[in-house]
Amino acid sequence: MIGKVSCSIFFKKKELKILLNFHHLFPIASISLVPEEAPSSLKGYPVNSTAIRISWKSLPPSRHKEQLLGYRVKYRRLASKTYKKINTTSNITETVLTTLVPQTEYEIQVSGFNEIGLGPASKVLVVKTVSVGMLESLLSCFIQYVFIYKSVFM
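The shown structure was predicted, so the numbers you read here are calculated from the model rather than taken from an experiment. Residue numbering note: each chain is counted from 1, following its sequence as written. Local features are withheld for residues below a pLDDT of 70 in this predicted model, meaning they are given only at 70 or higher, and side-chain atom pairs are given and counted only at 80 or more; totals for whole chains, interfaces and linings count all residues. Just so you know, side-chain values use all the structure's heavy atoms and leave hydrogens and water out.

1. Some remarks on the packing of aromatic side chains
Think of a pair of aromatic rings as described by two things: how far the centres are apart, and how the planes are tilted against each other in angle.
Then comes step 1: Working definition: rings of Phe, Tyr and Trp (its six-membered ring) pair if their centres are within 6.5 Å, and the pair is stacked with planes under 30 degrees apart, edge-to-face with planes over 60 apart, and tilted otherwise. Scanning all chains against the criterion turns up one aromatic pair.
Then comes step 2: For the cation-ring pair, lysine 74 lies above tyrosine 83, with the distance from its terminal atom to the ring centre recorded as 4.4 Å. Note on criteria: charge over ring means Lys NZ or Arg CZ within 6 Å of the ring centre, with the direction from the centre no more than 35 degrees off the ring normal.

2. What to know about the pairing of strand E6 (residues 70-77)
Then comes step 1: Summarising the sheet, E6 and strand E7 (residues 84-89) pair through six bridges and their orientation is antiparallel. Pairing of tyrosine 75 across the sheet is with lysine 84, part of E7.
Then comes step 2: Counted along the chain from E6 to the antiparallel partner E7, the turn is six residues long.
Then comes step 3: Examined bridge by bridge, E6 and strand E9 (residues 105-113) share eight bridges and lie antiparallel to one another. Each residue of the ladder has a partner; that of lysine 74, found in E9, is glutamine 109. For two strands to be treated as a pair, DSSP must find no fewer than two bridges joining them. Runs of H or I in DSSP of at least four residues are treated as helices and runs of E of at least two as strands, each being numbered from the N terminus.

3. So, the pairing of strand E5 (residues 51-57)
Then comes step 1: When strand E4 (residues 40-48) meets E5, the two strands line up antiparallel, connected through six bridges. Bridge assignment links tyrosine 45 to a residue of E5, and that residue is arginine 53.
Then comes step 2: From the end of E4 to the start of E5, which pair antiparallel, there are two residues.
Then comes step 3: Where E5 lies against strand E8 (residues 94-97), four bridges are found, and the strand directions are antiparallel.

4. Here's the deal with the nonpolar core
Most often, soluble globular proteins keep nonpolar side chains buried together rather than apart.
Then comes step 1: Here the nonpolar core consists of buried residues drawn from Ala, Val, Leu, Ile, Met, Phe, Trp, Tyr and Cys, with membership extended through side-chain atoms lying within 4.5 Å. Only protein chains enter the accessibility calculation, which uses a 1.4 Å probe; a residue is then buried when its area is under 20% of its type maximum, exposed when over 50%, and partly exposed in between. If you look at the biggest cluster of nonpolar residues, it comprises 16 residues, and the most contacted ones within it are Ile52, Ile54, Trp56, Val73, Tyr75, Ile108 and Val110.
Then comes step 2: Counting only elements with at least two residues in this core, the list comes to E5, E6, E9 and strand E11 (125-128).
Then comes step 3: In this view, tyrosine 75 contacts Thr82, Tyr83, Lys84, Leu97, Thr98, Leu100, Tyr106, Glu107 and Ile108; residues no more than four positions away in its chain are not counted. In this analysis, two residues are considered to be in contact whenever any of their non-hydrogen atoms come within 4.5 Å of each other.

5. A closer look at the sheet that holds E8
Then comes step 1: Here three strands make up an open sheet; going across it, the order is E4-E5-E8 and the pairing antiparallel. Looking at which strands have only one partner, the edges of the open sheet turn out to be E4 and E8. Here the strands of the sheet are splayed against their neighbours by 20° on average, with no regard to which way each runs. Angles shown run from 0 to 180 degrees and are taken between the N-to-C directions of axes, each axis being a line fitted to C-alpha atoms and, for helices, limited to the stretch in contact.

6. Overview of the pattern of salt bridges
Then comes step 1: Whenever a carboxyl oxygen of Asp or Glu lies within 4 Å of a side-chain nitrogen of Lys or Arg, that contact is scored as a salt bridge. Inspection of every chain in the model, using the stated rule, returns two salt bridges.
Then comes step 2: In this structure, the salt-bridge partner of glutamate 94 is arginine 53, at a minimum N-O distance of 3.7 Å. Of the two residues, glutamate 94 sits in strand E8 while arginine 53 sits in strand E5, which places them 41 residues apart along the sequence.
Then comes step 3: Glutamate 94 gets classed as partly exposed once you look at its relative accessible area, which sits at 42%.
Then comes step 4: Exposure remark for arginine 53: the relative accessible area of 28% places this residue in the partly exposed category.
Then comes step 5: With a shortest N-O distance of 3.4 Å, glutamate 107 and arginine 76 are connected by a salt bridge. Note that glutamate 107 is positioned in strand E9 and arginine 76 in strand E6, a separation of 31 residues in sequence.

Worth remembering: the numbers are spatial, not functional.
Structure, rendered in structure tokens:
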């Protein structure tokens, strides 16, 4: 006979540990409940003066044991303390942040989530919206260039 055996279950922030007591504790199983990894390759660019398009690589199934429900994008103006948050479904790895302030830098992060909770956040991406009218000016210059090119060389 080995002695008295008791079972204890401990739940920490991201792990479930089941411990058996044979005069001392030792872990039998460790199960990660939230996604273990942050989304990678976060990229973004301004669409216009009030919108930024972002994209990221999806989490591989091996990095989340529970079914991945989606991604949470959190963003804020660099001067702000408050984040805005939006969710996407698990098969969506891009979104457009809208109603932003022109010529303003935004800090953006993405996390995977399941029914248990949020996984770790991606590295911070900082993208600046363009000024009002800047894209329109660039488009106008491009159109003028095409017009001049066609009239001179064609």
